[in-house]
Structures are given as structure tokens and as C-alpha cells.
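Coordinate analysis (summary)
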Amino acid sequence: MSFKINIVLAALLVGCALSLVNAQYQARHLFIDLERAQAKARQLDIDWAQLQLDQSKLGKHARIEEIARRDLNMTQLTPNRTQYLTQGEQ
């Protein structure tokens, strides 16, 4: 009778050991996935900050004016160059 109990307990012990090994294996994989996700989140935060910086630089008035002068050959509007149209009497 005690031999049967020993076999059942040994089988139960082996099952528990295998369950523990499996749990540790899954925990390691979950930890690796977590680390990857956190690294990706950090990279996305860096990319987002860079995009915000680029957007603020691209929208500056001085940059827009410089591109208008250089690429479009536009000049500053002055009162001497302004033409006023008046509506004649009908």
C-alpha cells in the first residue's frame, strides 16, 4: 500500500516540477515581450518628440518667409508697391 502511495506522490511531484518549469518558461517569455514593448514605447516617445520639434520648426514665420523669398521670389509688401483700385461711379 505504501508503495502505491509513493508512486502516486512521485508522479505528483514530477507533475508539479514540470508545471513549475513551464511556468518559469512562460514568465521569461512574457518578461522578454514586456521589455520589447517598453523599448518600442520609448522609441515611439522619442519619435513623437522629434515630430513635434520638426512641426514647430516648419511652422515658424521666419522659415516660411525665407522660403517665400528664396523659392518663390516673393518680396515684402510695402506701401510704395501697393496699388489701390477704386470703384468708379456708375
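Rules and cut-offs
Residues numbered from 1 in each chain as written. Predicted model: local features only at pLDDT ≥ 70, side-chain atom pairs only at ≥ 80, totals over all residues. Heavy atoms only, no water. Helix = DSSP H or I, 4+ residues; strand = E, 2+ residues; numbered from the N terminus. Rg over C-alpha atoms; globule rule 2.2 N^0.38 Å. Buried < 20%, exposed > 50% of the residue type's maximum accessible area, 1.4 Å probe, protein only. Areas by Shrake-Rupley, 256 points an atom, 1.4 Å probe, with all protein chains shown as cover. Lys, Arg positive; Asp, Glu negative; His and termini not counted. Charge placed at Lys NZ, Arg CZ, Asp CG, Glu CD. Salt bridge = Lys/Arg side-chain N within 4 Å of Asp/Glu carboxyl O. Patch = residues over 30% accessible without salt bridge, like charges linked within 9 Å, V, L, I, M, F, W, Y side chains within 5 Å.

Scanning the protein for helices and strands turns up two helices and zero strands. Computed over the C-alpha atoms, the radius of gyration of the protein is 37 Å, more than 25% above the 12 Å expected from 2.2 N^0.38 for a compact globule of 90 residues. If one aligns the C-alpha atoms of the protein with their principal axes, the spans along those axes are about 125 × 35 × 15 Å. Counting every position in the protein, which comprises 90 residues, the buried fraction comes to 1%. Accessible surface computed for the protein: about 8900 Å², of which carbon and sulfur atoms make up 63%. Seen as two clouds, the 11 positive and the 9 negative side-chain charges of the protein have centres 11 Å apart.

Turning to unusual backbone geometry, a few remarks are in order. Positioned with a positive phi, Asn73 is a non-glycine residue whose angle comes to about 55°. Note that Asn73 resides in the segment after helix 2 (61-70). Taking the relative accessible area as the measure of exposure, Asn73 reaches 63% and is therefore exposed.

Bringing the pattern of salt bridges into the picture now. The final tally for this structure, using the stated rule, is four salt bridges. Between Arg70 and Glu66 there is a salt bridge; the shortest N-O distance is 2.6 Å. With Arg70 and Glu66 both in helix 2, this residue pair falls four residues apart, about one helical turn. By relative accessible area, which is 49% here, Arg70 ends up partly exposed. When salt bridges that share partners are traced, they join Glu66, Arg70 and Asp71 into one network.

To continue, consider a nonpolar patch on the surface. Judged by side-chain polarity, Met1, Ile5, Leu9 and Leu12 come together as a nonpolar surface patch covering roughly 460 Å² of accessible area. Mapped onto the secondary structure, Leu9 falls in helix 1 (residues 2-58).

On to the environment of Leu77, then. By the secondary structure assignment, Leu77 is in the segment after helix 2. In this structure Leu77 comes out as exposed when scored by relative accessible area, which is 64%.

So, to be careful, I would describe these as geometric facts and stop short of saying anything about function.
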